[in-house]
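# Breakdown of the fold
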Amino acid sequence: MAESKREIDYSVYLVTGRDLLPPGKDYLESLEESLRGGVTIVQIREKTTETGEFLEVARRSQALCRKFNVPILINDRLDIALAIGADGVHIGQTDMPIAVAKALLPPGAIIGMTCNTPAHVAQAVKDGADYVGVGPVFATQTKNVASPMLGVRGLQDILAPLEGTNVKAVAIAGIKYTNALQCLYGAVRPSGLGLDGLAVVSDIVASHEPEAAARKLATVVHAFKSTIPHIFSLSQHPYTSQYIKENAAQLFPAIRRHGPLVQQITNTVVTTQSANATLALGASPIMANAPQEMADISKAIGGLLINFGTIQSLDGMIEAGKHANINRKPVVFDPVGVGASQYRRSSANSLLNTWQATVIKGNAGELAAIANSQEVRAKGVDSVGQGFKNPALFVRDLARRERCIVVLSGKTDYVSDGTTVVSLNNGHPLLGDITGSGCMLGTCIAIFCAAASMEATPEDGKLVSGDMFIAAIGGVLALTLASEKAAARDDVKGSGTFLPALIDELGKLSPEEVVALANVEVVSV
Ligand SMILES: Nc1ncnc2c1ncn2[C@@H]1O[C@H](COP(=O)(O)OP(=O)(O)OP(=O)(O)O)[C@@H](O)[C@H]1O
Ligand SMILES: Cc1ncsc1CCO
């Protein structure tokens, strides 16, 4: 074993599973191909194999790993690790304690531990583990998992004890190329601490083409790791009011150029007006709720809105977001009335645990409920009271926690990417007199996000390419500027005549008008 600790790259952590090999695929052939594809560390897991055979498998695996200069760890069996001189061991909660393993293994050996709770992680840190394997993130068939699933959101909490330590973390269970970016995004804590890698089994081992499977995963993990510092600022431009106005204004003609198809799972109150608003802006709506059709629809769309004003199919919302993440399409989440019932609260949690939102948009009452804040109360779908004492700080912190753009609607709208906060002071009180103006706002934001991502070149490490901060602001400006123009019309006598005028005006805004009329301020927090 190595005398001093080598620098380990945990990015693509392969856990072997010979029982999962596809028919006709040789174990060593599969391992070599996966190493060629970019696996950076290997753990040999043999749960039921006799000692002699385990030793043989470990020896042969090690010879291959050495060829690629990739470290090899042994699951559970210290005797096997010692016998072959492995780089270290991976132990479970019910296996040998870390202290005992440390005493038996030579200095420099890597010790990793499976952890299902923050308390496990804290203990592993105390005991001197080099890394923790945290999970289960998703349901999986490869292991009989008794611990409750963490979900993507749970990853942030379980990593908390690693703040300020040098202990590394990989996530495990149910991780595949298709959900890799969700996990990586989901795990990033407000401090910027995140996962060092992803542990996979079947995504590589069960593949007929393990080299290609490993390469795809490696590309995503490496690309993500190189973008971590900029995770909240999708653009690295120092935002000024003028830059924001000009770039948001350019998205109006971009929508008309691309005519994005925007999928909207929305409530029964606003469906028609949201579809008409979509057409007015130059995009195409498709209102689709059934989980069975999400895989197909997701491939065709430019963006997705999930508004849960009247939850008809939670499964549909889960599937739609999942496929949008897989296909790298922006997802705008509008948790309408989320504080109104326990069902809505738990549904929001399930959704945010399954996919990564690009934008979360809500009024003060809704966003307070999402953030578990008692500061603002709600009455059904409406926010009551004066709102947050410091709305700019609130949106910035929520954007950091949820790792996405946050839009707080109200008389003044606030938008943040976790670094910059802007306040937007356009709009008209008549927007408060019609139902579903907030829902239309979500629709507008989804359309702008779709256009902005269609304008951008896709990048490997990003769930969505394009500047979603500017896009979200563009969506707010569309609705609020159109409302000002509609309210000023002679034919508008009240909320009844206001709604059709609003839809008319949405389709008429020019980029020049947007720059001239937009009231955008960058707020310091
Ligand atoms: N008094 C007002 N003056 C100017 N603009 C307003 C006013 N009230 C709301 N708005 C605008 O209306 C849009 C919707 O925001 P609001 O916070 O009212 O949504 P909401 O409460 O979710 O609405 P709903 O529940 O009806 O869908 C925002 O862009 C906001 O700027
Ligand atoms: C009134 C209402 N109830 C559920 S959704 C909705 C539309 C405005 O949010």
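Residues numbered from 1 in each chain as written. Chains lettered and ligands numbered in written order. Predicted model: local features only at pLDDT ≥ 70, side-chain atom pairs only at ≥ 80, totals over all residues.

As a reminder of what qualifies: UniProt positions are given in the numbering used here, feature names are shortened, and annotations may be inferred rather than shown by experiment.
Within an unreviewed UniProt entry, the label attached to the protein chain reads Thiamine phosphate synthase/TenI domain-containing protein, and the organism entered is Postia placenta MAD-698-R-SB12. Taken from UniProt, the Cofactor (unreviewed entry) comment for the protein chain reads in full: "Mg(2+)". Word for word, the UniProt comment on the protein chain under Function (unreviewed entry) is "Condenses 4-methyl-5-(beta-hydroxyethyl)thiazole monophosphate (THZ-P) and 2-methyl-4-amino-5-hydroxymethyl pyrimidine pyrophosphate (HMP-PP) to form thiamine monophosphate (TMP)."

## With respect to the sheet that holds strand S18 (residues 421–424)
Heads up, the rule is: By the convention used here, strands pair only if DSSP detects at least 2 bridges between them. The helix and strand labels rest on DSSP assignments: H or I over at least four residues marks a helix, E over at least two residues marks a strand, and numbering proceeds from the N terminus. Here, axes are lines fitted to C-alpha atoms. For helices the fit covers the stretch in contact, and angles between N-to-C directions go from 0 to 180 degrees. Note that contacts rest on C-beta atoms placed from the backbone: two residues are in contact if these are within 7 Å.
Ordered in space as S10-S9-S11-S12-S13-S16-S17-S18-S19, the nine strands form an open sheet in which the pairing is mixed. Edge positions in the sheet fall to strand S10 (284–287) and strand S19 (520–523), since each has one partner strand and no second. In this sheet, adjacent strand axes meet at a mean angle of 20 degrees when their direction is disregarded. Against the sheet, helix H11 (residues 271–281) engages strand S9 (261–265) and S10, with an angle of about 155 degrees to S10.

## Notes on the site of ligand 1
Note the threshold: Residue proximity rests on one test: whether the C-beta atom, placed from the backbone, lies within 6 Å of the molecule or strand. Charged residues are taken to be Asp, Glu, Lys and Arg, nonpolar residues to be Ala, Val, Leu, Ile, Met, Phe, Trp, Tyr, Cys and Pro, and polar residues to be all remaining types, Gly included.
Taken together, 22 residues sit near ligand 1, with Ser409, Gly427, Leu431, Gly432 and Gly438 positioned nearest. Listed by contribution, the elements that provide at least two residues to the shell around ligand 1 are strand S15 (382–384), helix H17 (437–455) and helix H18 (468–487). Looking at the shell around ligand 1 element by element, the count peaks at four residues for H17. When grouped by side-chain class, the residues that make up the shell around ligand 1 number seven nonpolar, 12 polar and three charged.

## Regarding the sheet that holds strand S3 (residues 72–75)
Spatially, eight strands are ordered S1-S2-S3-S4-S5-S6-S7-S8 in a closed barrel, and the strand pairing comes out parallel. Taken over all neighbouring pairs, the strand axes of this sheet differ in orientation by 25 degrees on average, direction set aside. Inspection of the sheet shows strand S6 (residues 131–134) paired to strand S7 (residues 168–171) by four bridges, in the parallel sense. Bridged to Val134 within S7 is Ala171.

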